[in-house]
Amino acid sequence: METQIHTCYLTKKGPSLVTLFGYSTKSVPGLEINGIGKYGKFIKEKIVFITRSRGLPIPLKRFVLNVEMTDDLGDLESSSVKWLEYPLLLHYWFLAGLIPISKLDNCFAIGSITPSGVIEEPFSKDFVDLCEGQNFHLISSSDNIHGPHGFIDARELLGQITHLEFKVISKTA
């Protein structure tokens, strides 16, 4: 199985669109995150911890998640990489068959996660405009999103997973 999801990397010039793509195979079980250097291992361990601490059944497969970062973004900064955590978590759980959605290819999410299960989502009109311009469905727990493409309520999407809390913060991208 393979899929992709969209997010953005926050730069001083504003949000820059990033595609996450990945797949699962019947190989040596595990999770691998590529494309974000030293931050990949930390995010991987956080995702594994959150998944295991909730007792979620992960199939014995190899999951490979890739972040397509362009060279013009410059050096990666932890303050911006953290906003890739939530879309990577969604991507992993989708490939593992844990969330009830048929595809992520036309979806956009942004946010960070804590080991205790707090999903912090930055909210900005720039993100909504980006989704509208690209025809993406925004996955968010914010009630303030309106537009012709609508949005996917993250609380509904992840409702069957215990001990998750959503926190929307206003952010100027």
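All figures in this text were calculated on a predicted structure; none of them were measured in a lab.

**Things to note about the overall build of the protein**
Here's step 1: Looking only at helices and strands, the protein has five helices and 10 strands in total.
Here's step 2: Taken over C-alpha atoms, the radius of gyration comes to 15 Å for the protein, in line with the 16 Å a tight globule of 173 residues would show.
Here's step 3: Each principal axis of the C-alpha distribution contributes one length, and for the protein these read about 40 × 35 × 30 Å.
Here's step 4: When the 173 residues of the protein are sorted by exposure, 48% land in the buried category.
Here's step 5: Relative to all contacts within the protein whose residues are 6 or more apart in sequence, the contacts with residues 24 or more apart total 70%.
Here's step 6: When the accessible surface of the protein is split by element, carbon and sulfur atoms take 51% of a total near 8600 Å².

**Quick notes on the nonpolar core**
Here's step 1: Ranked by size, the top nonpolar core spans 41 residues in total, and within it Ile 36, Leu 88, Trp 93 and Ile 139 carry the most contacts.
Here's step 2: Listed by contribution, the elements that provide at least two residues to this core are strand S1 (2-11), strand S2 (14-25), strand S3 (30-34), helix H1 (39-53), strand S4 (62-68), helix H3 (85-95) and helix H5 (154-157).
Here's step 3: Here the element with the most residues in this core is H3; it accounts for eight residues.
Here's step 4: Residues contacting Trp 93, with those up to four places away along its chain left out, are Ile 50, Thr 51, Leu 56, Leu 98, Ile 99, Leu 158, Ile 161 and Leu 164.
Here's step 5: Among the nonpolar cores identified, the runner-up in size contains 11 residues, and Leu 10, Ile 110, Phe 127 and Leu 138 belong to it.

**Some thoughts on the sheet that holds strand S7 (residues 118-123)**
Here's step 1: Spatially, S6-S7-S10 is the arrangement adopted by the three strands of the open sheet, whose pairing is mixed. This sheet does not close on itself; its edge strands, each paired only once, are strand S6 (112-113) and strand S10 (165-170).
Here's step 2: As defined by bridge partners, S7 adjoins S10 across six bridges and the pair is classed as parallel. The partner of Glu 121 across the bridge, within S10, is Val 168.

Rules and cut-offs
Residues numbered from 1 in each chain as written. Predicted model: local features only at pLDDT ≥ 70, side-chain atom pairs only at ≥ 80, totals over all residues. Heavy atoms only, no water. Helix = DSSP H or I, 4+ residues; strand = E, 2+ residues; numbered from the N terminus. Rg over C-alpha atoms; globule rule 2.2 N^0.38 Å. Buried < 20%, exposed > 50% of the residue type's maximum accessible area, 1.4 Å probe, protein only. Contact = heavy atoms within 4.5 Å. Areas by Shrake-Rupley, 256 points an atom, 1.4 Å probe, with all protein chains shown as cover. Core = buried A, V, L, I, M, F, W, Y, C linked by side-chain atoms within 4.5 Å. Pairing = 2+ DSSP bridges.

Purely spatial values, then, with no claim about function.
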